[in-house]
Amino acid sequence: MIYENKIKRNEVKSGGQSDLIPTIKFRHCSLLRNRRCAVAYLYDRLLRIRALRWEYGSVLPNALRFHMSAEEMEWFNRYKKSLATYMRSLGGDEGLDITQDMKPPKSLYIEVRCLKDYGEFEVDDGTSVLLKKNSQHFLPRWKCEQLVRQGILEHVLS
Amino acid sequence: MSEAYFRVESGALGPEENFLSLDDILMSHEKLPVRTETPMPRLGAFFLERSGGPETDHAIPQGSKLELPLWLAKGLFDNKRRILSVELPKIYQQGWRTVFSADANVVDLHKLGPHFYGFGSQLLHFDSPENADISQSLLQTFIGRFRRIMDSSQNAYNEDTSALVARLDEMERGLFQTGQKGLNDFQCWEKGQASQITASSLVQNYKKRKLTDMDD
């Protein structure tokens, strides 16, 4: 639409109907404004989707995925891949997960209380823990940090 | 504290607005009184009471006064004033300027146009002879009000701040919220909660919204 507008404006200038110029400028401004609003909205959505990767982790809940368009999903997958490649390139052979430990850790194990039913949860040495509402556990930090950030567990300070 | 969503900031106080900033889009939507310098053909359809009627191609006649939003005024304005000439809104004129210089703290800036500073800064683009006075007045108003904003934001912990924030314009509210956030973070650190892992605000907001969806 903006392209057509530009063509029309050129015609007018060369055709000598110079009194139509204000009108064309008006239309041009309105089109630019519409484009700006649409682009800013879509960009803000992308910023929020990027934040989702850092808050929710790699797998998004289905309800959230339902609200995103196909292009946004693709953008999210590509961003995930870039982030994963970057994380793998840090710290030696295995890479470093920078989405963990958002606040400097004080200890290896933390005390957590469960806020909702989640089911079975397996710890490194094979023992599994049943996460029921209001049950309290003493678990390694790196396993449960994700769940605390998602609001399923609550970090309890003693 | 560890927030992942970083919105695009407003550039209105600087030389140009940020294209992608939602705050700037809202700010540039405010209206400005304007006088047309040349007849504008066919736009009478939008401004029916000024239109010249079907004989003149529904034109808006020369010299009519309109209220246009800032984005439109900026787009149609040029230095030679061929299409528009811009008049300053009342609050940036001499009368109000003396009010601000008398006592800046009493004025309800939210009512006078919620984007007082941003809009005023962008108005300077329209090369009015009073530009120097307007910019001085904006600066002095801010200096006058700043102390109270900083004081109230740093000392209102865990209370209802609506009374304090009611008379501030959008930029000042942003400052107030930054101050509050700093205060809350500091208190959190003092209580020893700085190392506590918390659910992010994004997650909490999402949960609240999901509950209302299910109720529907």
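Residues numbered from 1 in each chain as written. Chains lettered and ligands numbered in written order. Predicted model: local features only at pLDDT ≥ 70, side-chain atom pairs only at ≥ 80, totals over all residues. Heavy atoms only, no water.

- In the annotation of an unreviewed UniProt entry, the entry for chain B reads DNA replication complex GINS protein PSF3, and the organism field reads Enhydra lutris kenyoni.
- Recorded in UniProt for chain B, the comment headed Sequence similarities (unreviewed entry) runs: "Belongs to the GINS3/PSF3 family."
- Per UniProt, chain B carries the Subunit (unreviewed entry) text "Component of the GINS complex which is a heterotetramer of GINS1, GINS2, GINS3 and GINS4. Forms a stable subcomplex with GINS2. GINS complex interacts with DNA primase in vitro. Component of the CMG helicase complex, a hexameric ring of related MCM2-7 subunits stabilized by CDC45 and the tetrameric GINS complex." (UniProt positions renumbered as here; feature names shortened; annotations may be inferred.)

- The name given to chain A in an unreviewed UniProt entry is DNA replication complex GINS protein PSF1, with the source organism recorded as Enhydra lutris kenyoni.
- Word for word, the UniProt comment on chain A under Function (unreviewed entry) is "Required for correct functioning of the GINS complex, a complex that plays an essential role in the initiation of DNA replication, and progression of DNA replication forks. GINS complex is a core component of CDC45-MCM-GINS (CMG) helicase, the molecular machine that unwinds template DNA during replication, and around which the replisome is built."

### So, unusual backbone geometry
All names here are of chain B.
At step 1: Positioned with a positive phi, Asp127 is a non-glycine residue whose angle comes to about 35°.
At step 2: With respect to the helices, strands and loops of the structure, Asp127 is situated in the loop between helix 4 (116–123) and helix 5 (131–155).
At step 3: One non-glycine residue with positive phi stands out, namely Asn158, at about 65°.
At step 4: Along the chain, Asn158 falls in the loop between helix 5 and helix 6 (162–165).
At step 5: Overall, the relative accessible area of 71% leaves Asn158 in the exposed class. (Helix = DSSP H or I, 4+ residues; strand = E, 2+ residues; numbered from the N terminus. Buried < 20%, exposed > 50% of the residue type's maximum accessible area, 1.4 Å probe, protein only.)

### Details of the packing of helix 5 of chain B against helix 7 (residues 170–190) of chain B
Residues and elements named next belong to chain B.
At step 1: In the contact formed by helix 5 and helix 7, the axes pass within 8 Å of each other and the chain directions differ by 30°. Here helix 7 runs roughly parallel to helix 5, going by the angle between their axes. In this structure, helix 5 crosses over helix 7, and the sense of that crossing is right-handed. Along its contact with helix 5, which presents Phe142, Arg145, Phe146, Ile149, Ser152, Ser153, Gln154 and Asn155, the element helix 7 presents Met171, Glu172, Leu175, Phe176, Gly179, Gln180 and Leu183.
At step 2: When the residues that make up the contact of helix 5 with helix 7 are grouped by side-chain class, the tally is seven nonpolar, six polar and two charged. (Axes fitted to C-alpha atoms, helices over the stretch in contact; angles between N-to-C directions. Parallel < 35°, antiparallel > 145°, perpendicular 65-115°, else oblique. Left-handed = near helix turned anticlockwise from the far one by under 90°. Contact = heavy atoms within 4.5 Å. Nonpolar A, V, L, I, M, F, W, Y, C, P; charged D, E, K, R; others polar.)

### Remarks on the packing of helix 2 (residues 21–56) of chain A against helix 4 (residues 70–89) of chain A
Each packed pair of helices is defined by two parameters, the angle between the axes and the distance between the axes.
All names here are of chain A.
At step 1: Orientation of helix 2 relative to helix 4, taken along the N-to-C sense of each, is 45°, at an axis distance of 10 Å. With respect to helix 4, the axis of helix 2 lies oblique. Once helix 2 is placed against helix 4, the crossing between them reads as right-handed. Across from Arg45, Leu46, Ile49, Arg50, Arg53 and Trp54 in helix 2, the residues of helix 4 making contact are Glu72, Trp75, Phe76, Tyr79, Lys80, Leu83 and Met87.

### Some words on a nonpolar patch on the surface
At step 1: Residues A:Leu108, A:Tyr109, A:Phe138 and A:Trp142 make up a contiguous nonpolar surface patch of about 470 Å² in total accessible area.
At step 2: Mapped onto the elements, A:Trp142 comes out in helix 5 (residues 141–149). (Patch = residues over 30% accessible without salt bridge, like charges linked within 9 Å, V, L, I, M, F, W, Y side chains within 5 Å. Areas by Shrake-Rupley, 256 points an atom, 1.4 Å probe, with all protein chains shown as cover. Salt bridge = Lys/Arg side-chain N within 4 Å of Asp/Glu carboxyl O.)

### Observations concerning the UniProt feature "domain: GINS subunit" (unreviewed entry) in chain B
At step 1: Within the UniProt annotation, "domain: GINS subunit" (unreviewed entry) is assigned to residues 97–189 of chain B.
At step 2: Between the C-alpha atoms that bound residues 97–189 of chain B the distance is 43 Å, and the span itself is 68% helix and 0% strand.

### Remarks on the interface of chain A and chain B
At step 1: Every contact between the two is made by 40 residues of chain A and, on the other side, 44 residues of chain B.
At step 2: Summing both sides of the interface, chain A and chain B together bury roughly 3,900 Å²; the carbon and sulfur share of this comes to 67%.
At step 3: When the area that chain A buries against chain B is broken down by residue, the three leading residues are A:Phe26, A:Arg36 and A:Lys103, summing to 20%.
At step 4: Counting the contacts that link chain A with chain B gives one salt bridge.
At step 5: With its nearest N and O atoms 3.2 Å apart, the salt bridge here joins A:Arg36 to B:Glu17.
At step 6: Between chain A and chain B we count eight residue pairs in polar contact (both at pLDDT 80 or more) in total.
At step 7: At 22 residues, helix 2 of chain A tops the list of elements feeding residues into the side of chain A that touches chain B.
At step 8: Among the residues making up the side of chain A that touches chain B, the classes are represented as 21 nonpolar, five polar and 14 charged. (Buried area = accessible area lost by both parts, 1.4 Å probe. Polar contact = N/O pair within 3.5 Å; in protein donor to acceptor, adjacent residues only side chain to side chain.)

### Side note on the domain arrangement of chain B
All names here are of chain B.
At step 1: What the domain assignment lists for chain B is domain 1 (1–87) and domain 2 (90–206).
At step 2: Counting residues at the interface gives 22 residues for domain 1 and 17 residues for domain 2.
At step 3: Both faces considered, domain 1 and domain 2 share a buried interface measuring about 1,700 Å² in area, 66% of it formed by carbon and sulfur atoms.
At step 4: Here domain 1 is connected to domain 2 by zero salt bridges. (Domains from an automatic or database assignment.)

### Let's talk about the UniProt feature "domain: DNA replication complex GINS protein PSF1 C-terminal" (unreviewed entry) in chain A
At step 1: As annotated in UniProt, the feature "domain: DNA replication complex GINS protein PSF1 C-terminal" (unreviewed entry) corresponds to residues 106–157 of chain A in the numbering used here.
At step 2: Between the first and last C-alpha atoms of residues 106–157 of chain A the distance is 11 Å; the span itself is 17% helix and 42% strand.

### Details of the nonpolar core
At step 1: Counting residues in hydrophobic clusters, the biggest one holds 34 residues, and the most contacted among them are B:Tyr92 and B:Phe116.
At step 2: Those elements that provide at least two residues to this core are helix 2 of chain A together with strand 1 (31–36), strand 2 (65–69), helix 2 (70–76), helix 4 and helix 5 of chain B.
At step 3: Among the elements that line this core, the one with the most residues is helix 2 of chain B, at five residues.
At step 4: Residue assignment places this core across two domains, with domain 1 (1–87) and domain 2 (90–206) of chain B each supplying three or more.
At step 5: Filtering out sequence-adjacent residues up to four positions away, B:Phe116 remains in contact with B:Ile91, B:Tyr92, B:Phe100, B:Leu109, B:Leu138 and B:Asp169.
At step 6: Counting 14 residues, the second-largest nonpolar core is a separate cluster that includes A:Ile110, A:Val112, A:Val148 and A:Leu153. (Core = buried A, V, L, I, M, F, W, Y, C linked by side-chain atoms within 4.5 Å.)

### Some points on the sheet that holds strand 3 (residues 84–86) of chain B
Residues and elements named next belong to chain B.
At step 1: If you trace the three strands from one edge of the open sheet to the other, you get 2-1-3, paired in antiparallel fashion. Edge strands, defined here as strands with exactly one partner in the open sheet, are strand 2 and strand 3. Within this sheet the neighbouring strands show an average axis-to-axis angle of 45°, counted without direction.
At step 2: For strand 1 and strand 3, the ladder comprises three bridges, and the chain directions are antiparallel. Following the sheet pairing, Val34 is matched in strand 3 by Val86. (Pairing = 2+ DSSP bridges.)

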